[in-house]
Structure formats: C-alpha cells, structure tokens
2 protein chains.
Amino acid sequence: MAEKSNLLPRPLYAINAGLDAFAQSLRAQGAAVTQVDWSPPRVPKLHHTGQGIDIEAANAEACRRINAGRPRLLGLGPARQVIPGCHDRLILHAGPPIAWERMCGPQRGAVMGALVYEGLAEDEEQAAALAAEGEVEFAPCHHYHAVGPMAGIISPSMPVFVVENQAYGNLAYATQNEGLGRVLRYGAYGPGVYERLRWMEEMLYPTLQAALESIEDGIDLRALISQALHMGDECHNRNRAGTSLFLRAITPALMRTCPDGQRAAAVFEFIEKNDHFFLNLSMAAAKALLEPAEGIPGSTVLSVMARNGTDFGIRLAGEPERWFTAPAGVVDGLYLPGFGAEDANPDIGDSTVTETAGFGAFAMAGAPAIARFVGGSPEDALETTLEMYEICFAEHEHFTLPALDFRGTPLGIDVRLVAESGIRPRLNTGIAHKEPGIGMVGAGVLRAPAACFEAAFRAVQRW
Amino acid sequence: MAEKSNLLPRPLYAINAGLDAFAQSLRAQGAAVTQVDWSPPRVPKLHHTGQGIDIEAANAEACRRINAGRPRLLGLGPARQVIPGCHDRLILHAGPPIAWERMCGPQRGAVMGALVYEGLAEDEEQAAALAAEGEVEFAPCHHYHAVGPMAGIISPSMPVFVVENQAYGNLAYATQNEGLGRVLRYGAYGPGVYERLRWMEEMLYPTLQAALESIEDGIDLRALISQALHMGDECHNRNRAGTSLFLRAITPALMRTCPDGQRAAAVFEFIEKNDHFFLNLSMAAAKALLEPAEGIPGSTVLSVMARNGTDFGIRLAGEPERWFTAPAGVVDGLYLPGFGAEDANPDIGDSTVTETAGFGAFAMAGAPAIARFVGGSPEDALETTLEMYEICFAEHEHFTLPALDFRGTPLGIDVRLVAESGIRPRLNTGIAHKEPGIGMVGAGVLRAPAACFEAAFRAVQRW
C-alpha cells in the first residue's frame, strides 16, 4: 500500500469501467473515482462493411433463412440423372477443390474404387492411372449442391437422395450411407466394397425410391432431426435415433410398395444394422437449409465448412463462391482395435455441414452417449455446445436441447466472433486410414484450423 | 468470546465428532479436544433382522438377481391360455387387492368395458351390475405374474405379451398398449374402445405373434431398455426410443411372416403412431426382472409398488405375499385441453414396476425432454434421479445414464432408507379422469405415500 501510494504523488481522478472492486480499491486510497457500467465487448466490433452494409442485419437474414428452411426427402435417383451438370466422367469429392496429385490417401482410394465400380477402370491401379492422366474431372460436392461424408465421392451411377428445401425450392443431394468399417467413403476398395455399392444401386435404391414415391410430399427431415436431437443424437456421429425415426417414417410405405417380403426385409435390415444411415440424410438436409443463406451481401456467417483430408475449407454466406482454406487438422480419436494415431488421415469429409447448420458437434450437449464413440466425457459434450454459442450469431428455432432447458442449438458460425474470441469451431468426425484401400480406423474430435478463419476475416475487413 | 468464556468456568475436555472446525473453535478457547472422524449415518442402522438375518447381504442378493435378469419377449397369447390360473370370469387389475365397491372410477370404467368386450355383458350398465353382484372374480395383476398400466385390466380374451427372464425361467405378462386418450386402461369404454381392442385381438396379436415365433430366442428387452435410456427415454412415460427400437427389432420378421403388405403396414402403423407402445413391454420386463428377488429372507427392498387408483401398495422382497397400503396420492400434472386437477383420479396403475426395477422416474436424468409431458423442468428430472440414489440399495449394472457419466440407475428401493431419510420414491404417471368412461386427462409427477413405507418398515423391525 505504502509503495503504491508513492506512485501517486498528486490527487488521482480515475474513471473505472467494469468491476466495481477496482473503484473501491482506488477510493480506499483517497482517489476520486467515477464508476462506469461496462463489460467486455460481446457484440462484434465490425458492424458494417467498407461499403456500408449492415453486417448484423445480413447475418440476421442468413439465420432467418436457415431457420425458415423446410427440407424434405422427396426421393432418389442416379447422380448423373438428378444432379444438374453431372456427367459420366465427373467425380465429386468432399471438401474444397483439390487435384488428384494433392488428394490424401483415403480420397484417392475412394476415387479408385468409384472408377472400378463405374466400370471406367478394370482395377484400382488402372483407376489411379486414369485419374493421374486427367481423364476424370474432379469437383467438390459443394459445387453441385451435394455433400459427401468422409472422402465424399459421388460417381455418376451412384443413387443419391434428393432433398428439397420447400421454403425456397432449392435441392440438395447425398449418397446412401454404406455403413462403417471397410467402405468406400473411408477410402476402402475391393470386391466387398463394390458388391455392397451394387446392391445399394440395384436393390436398396429402387426399393426406397418406390416407397418414397408413394409418400405424398416426402419425409420431413427437419422434424426427424428435431426429434432425434431430443433422443440422444447430434445427427453427425450419433444417428441411432435419426435412423430409427427414418425407418418409422418410411416402413409403412415400404411394406405397401414392395410386394416381396424378403426383399423388403433385406432393405429394412441393411438400414437397421447401420445406425449411421441417417447421417447422409441429415447432411443433405443441412445443405438444403444452408444454400438459401448464400449470396446475402455482408453476411459473415459460414455457409460451407468442409474438408478433403488435405485442406479444410470454409465459405461465407456473403461471398459464397470463394473458398478460404488451411491444412486439415489432426483428430484426437478413439481407435478401432489394431489401429492408432499413426494410421490416421487428417480431418476429412463434408459432414461438418451439420455443425454449419447448427447441429452435429454443436448439439453435443444433447448427445452425452456419443462420448463412447468419439471419446471425451459427457461433460465435454455439454461444454462443447456451451462454447459454440460464443461464436454463433443466433440460436436455432426448431432444433432445441432438452438438457439446456430446450434452448435452441448454436446457429450461424460468425467468422467475426471466431476472429475476436479466438474460439475455433469444435467438430466430431470419423477417422479414415491415411493409406488408400483400408477404411475406417476410429472416430474423434478436433477444432477447425485457425488460418482459414483468419483469412476469411481479413477478406471481410476488405468487403 | 468473553461471554462464552464465562460459560466455561472449569477446564473443558471435549470429544468432537465430524467437522474439524468445531474442534478448532474449542481449542482456540483453551479446551482440550479429541477429534473423532465421523459423518452422518448413511449406512442404515438396521443391519440384522430379529432372527439375526443379515439384511445387507439379503438386499445385495436381491439386487444381484435383478441385475442378473435377462428378460426376453417370446410371444403373445390370450390371457386365458397363457397366464396360469386365468379363467373366464377372472378380471385382473392394477395395484393391491380391491373389491368392486372400493374401486375408483377409471378402474370401474375399465372393468365395465372389459366385460362388454368379453361378451359377458351387453352394455356397461349390465357390466356394472354383474361386477357388483360378485359374478366376477377380481385379483391384482401382480398375483398372476402380470402388470397392467393405469386401470390395468386384463380380461381372459386379451392377448398378452409373454416375457421370460431367461436367467431364472420365470414368466411375466402384460397386454398390448392401446395408445393414449380414450382407451380402456384410462377408464374409457364405448364402441371405439371395443373396436380397437378387437382389432388388437384379431389383427395386431396374430401378426406380431407370427413374427415373434420366427425370431429365435425372442427379443432382448433388457438391451432395448438399456439403449432407450441412452436415447432420452426413461421407459415409463417416455417410450419414443423404446418403441422405435422395438419396431427395429421386430420389423424384418414381420415383413417375412406377413405376406400381406397392407396388413403388415397397418400393424406397423398402429405401433408407430403410439410412442407409448413400448411401455407395456418395459413393464413386463421389469416384472420379470423383479420376481426372482422375491422370497429372499431379510431383504428390505421393494419387489412391488403398484396403485389401483384407491390404494397405493408395496411389497418387500423379504415378505413378498404381504401388501402394505396407503391411500393413493394426488398427481401434480399437466392437463389435456378442457381438463384440470378437479377431473383427476388419484395415482393409478402398475407402471411403477419400472421405478421398482430401477428405471422410470428413477432414470429421468436421462430423459430431460419428458418435462414437456409430465411437467417440471429438465433440472427437476436430473434432481429426481440424484435424490433416488439416497433411498436405493444399489445401482443398476445394465441400465446406465450417459448424462451422469454412465452411472448405473438407482436400483432397489430400500424401505429402511426411505424410513430413515424421509425421502419418498418419486414417480411419473399418466392421469385418468376420475369418472368411469372418459379416459386420459393428463400426465404428471408425485411421490409415493409415506404410510405404506412406514408400515412396511415397522414390519421389518418385527422380522
């Protein structure tokens, strides 16, 4: 005290902002203090673009559109028939644009497998040569209104779900989920993988399509996600409830349209034995929800967040054609027996479209049981959701979390809030083996890399 | 301090038990203190019966048997064929024994409806006369290894599920769930009620039975409950996940054994449209789990807790033939439009068999969304489970709660702990209209009445 007083030889006139305790300390030393109510800035500092566009209003409109979306599953069709612009040599992949040379192992493996499945190559070696020679056109799924989990490969013959956002009329696409383990999307190839893909094309697809055709106005995916979030799913890496609810929604139609009970049972069982079946539907729903937010000038919320296993890329609703990328991150995972961190490919897949649309890891507070799949504790799951509110512009109106007293999930990752807080989005994800041809090795959690958010924020500052 | 010292004119020699702070205070005043480690009694004081039986060991054995149980759904059959001792004039009801004269409105209504459904009476008036004249034998479901939700009426023609506890070979029974609203178990009667019951007898039962017959070793109900508890159900008043998982388990067999797709679809849809369908299965499973614990001398855990809408009754594993009863409680409820507390019958039904077996309200920490059905907040749901640990002897090994870091649910209501703590079991429940013939009016929560626990504890003191 005596020392401190020596530093104050003249009367002190202070203005104290925030915590009153500082003012009291000063007063105790005889200083005149004016106390000002203040707390650290929560509202982002950047309120307008350089061109004077109101960013808050733009983001409010983006989140309003996402909240207003009504994604419904209308049916399925082969990618080449239903995805506009798809052609026989087009291979769509997860994440931002990438050339064959820079593709990671599992994405290459899935491309090789897809080319064999398509009959464009006789074996995986020939497929790799074909890809390397530029005989195939690669493009991100996101450039074609589509999303793909993990490697995210969509080849022309693959049947894809068609989801319409009936509030805006836009369509989104995703393949049927193959299950876990040695599957194409984790980079596996080989006879077992092709046999499953062919069965999905020849049996699963037409049977589901006939059922869906008979359901007037399709299946309300927003309702299924909303219910599943009340049933322990976060609809990214836990989809047991979503898969159950999808089966409840489609089965009566399946029974009525499939006269062969054995066939209907085989289709039902394929889905029933794969708790992740709903993932691709939740992803397509998320994509359908997000696209109407794209192209709102001045909006700093993310409309895309996706990884190709090499790069992590984001796009902003206010500048939707531009990718901001950074190296894909390392996953903190739980591994399948016989595998470890040394086998893991970096973070991969379009499934972060779920977090972008306000669920997935952002809704983990409602999915404590996921700790057994992706690691961590139920407390971490709760903490994840609470932290993500810090970097989101809004809260979801239709997706709520009972454990948080029915609070809406964090919606609309705002690149300004990420930049200001230094809090990066949290994700959960499956883990693919880094070599082509092997498949799934685990699942885990991580944060999005900082660099692409920093680059996006710098771009916003120049808007 | 000076005053206090005046009260201690002579040297003080103190022994302090528990909180060290008291000892420090005394020492500060110059007193000699011996500190003894101690905390308030958690272990019940009554460790042995008057005959010297080790109560702790007996309760450990009771809970071991409940934990070891493996209830599987094997099939269905008409009550008169599959329930031993059932005959054409026997009407089983929920709760402890009761004569027609003391039956509450909804239980009378359900009896009247059941007699018309059976063809024993032409109309409800005649049915009431028949019942009043003693032409019908009434007995608790619990006396016949059965359980019935709400009024809990089982009449001879009703198909019942047959559940075997494969660890012990004992069987348990429950009817098929009718749905909510104007249904027999809520005391409603009339053409719509009978039409539904006949459809359940002629269509639902044989179709499900054919499917179940084709499933080797039946359906593992413990696994379904265990999963449902990770999916937001508590398997008493929230059964959306359990119903979904039951449909997942039975549908392939249903498709293979029912050649008529329209019929299969109608059966599937009846279950799909009733999220409470699984309740009767979770109740039969609970009954099958609890019976092997009955007859363990000295066990003070409950093997039965049931209400008939007039009386609330409990039975102890150590004296399983004896009912201890008290007046049924008033439910704190949420009401359907047009109804209020003045319409409500007191607490009714055997569904408290779920709490007795360690789930239901005792697992509400895992079912925060139930607040929208039975009232209260997600925090109350958490608090309910945490409090119930105080009066339970053990924790379940197979039923766990992710939100509590996968802690086992509170298992084995110990009448000693209830008596010592004054904490009464918490329940959640549907609410029936107090008049016969009307049906459901709401759902809510309450605590079991104290008097039957006090009576049971007094009996234990005389063992």
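Note: the structure precedes this text.
Let me sum up the structure you'll find in this document. (Residues numbered from 1 in each chain as written. Chains lettered and ligands numbered in written order. Predicted model: local features only at pLDDT ≥ 70, side-chain atom pairs only at ≥ 80, totals over all residues.)

### Here's the deal with the nonpolar core
- One finds Val160(A), Ala284(A), Val160(B) and Ala284(B) to be the most contacted residues of the largest nonpolar core, which totals 304 residues.
- Apart from residues no more than four positions distant in its own chain, Val160(B) is found in contact with Leu76(B), Gly77(B), Ala79(B), Val82(B), Ile83(B), Ala146(B), Ile154(B), Tyr173(B), Ala174(B) and Thr175(B). (Core = buried A, V, L, I, M, F, W, Y, C linked by C-beta atoms within 7 Å. Buried ≥ 20, exposed ≤ 12 C-beta atoms within 10 Å, placed from the backbone. Contact = placed C-beta atoms within 7 Å.)

### A word on helix α9 (residues 240-257) of chain B
- A rise of 1.5 Å per residue sets the reference length of α9(B), with its 18 residues, at 26 Å; its end C-alpha atoms lie 25 Å apart and thus fit the reference within 8%.
- Of all 18 residues making up α9(B), 15 are buried, and the element is well covered by its neighbours. (Helix = DSSP H or I, 4+ residues; strand = E, 2+ residues; numbered from the N terminus. Expected span 1.5 Å × (residues − 1).)

### Topic: the relation of the copies chain B and chain A
- For the match of chain B to chain A, the screw axis carries a shift of 0.0 Å, the RMSD comes to 0.2 Å, and the turn is 180 degrees. On this basis, the relationship between the two copies can be described by a two-fold rotation axis. In terms of C-alpha distance to the rotation axis, chain B has Met231(B) as its closest residue, with the C-alpha 2.2 Å off the axis.
- Interface overlap between copies is the fraction of interface residues in one copy that are interface residues in the other; for chain B against chain A it reaches 100%, indicating a shared surface. (Least-squares fit on C-alpha atoms with pLDDT ≥ 70 in both.)

### Quick notes on the sheet that holds strand β12 (residues 332-335) of chain A
All names here are of chain A.
- Pairing in this open sheet of three strands is antiparallel, and the strands run β12-β17-β16 from one edge to the other. Strand pairing shows two members of the sheet lacking a second neighbour, β12 and β16 (426-432), which therefore form its edges. Sheet twist, expressed as the mean angle between neighbouring strand axes with direction ignored, is 20 degrees.
- The pairing of β12 with strand β17 (residues 440-447) spans four bridges and is classified as antiparallel. Paired with Gly333 across the strands is Gly444, a residue of β17. (Pairing = 2+ DSSP bridges. Axes fitted to C-alpha atoms, helices over the stretch in contact; angles between N-to-C directions.)

### Examining the interface of chain B and chain A
- On the side of chain A, 29 residues touch chain B, which itself brings 28 residues to the contact.
- Among the elements of the structure, α9 and α10 (261-272) of chain B are those that each provide at least two residues to the side of chain B that touches chain A.
- No other element matches α9(B), which puts 10 residues into the side of chain B that touches chain A.
- Within the side of chain B that touches chain A, the residues separate by chemical class into 15 nonpolar, seven polar and six charged. (Nonpolar A, V, L, I, M, F, W, Y, C, P; charged D, E, K, R; others polar.)

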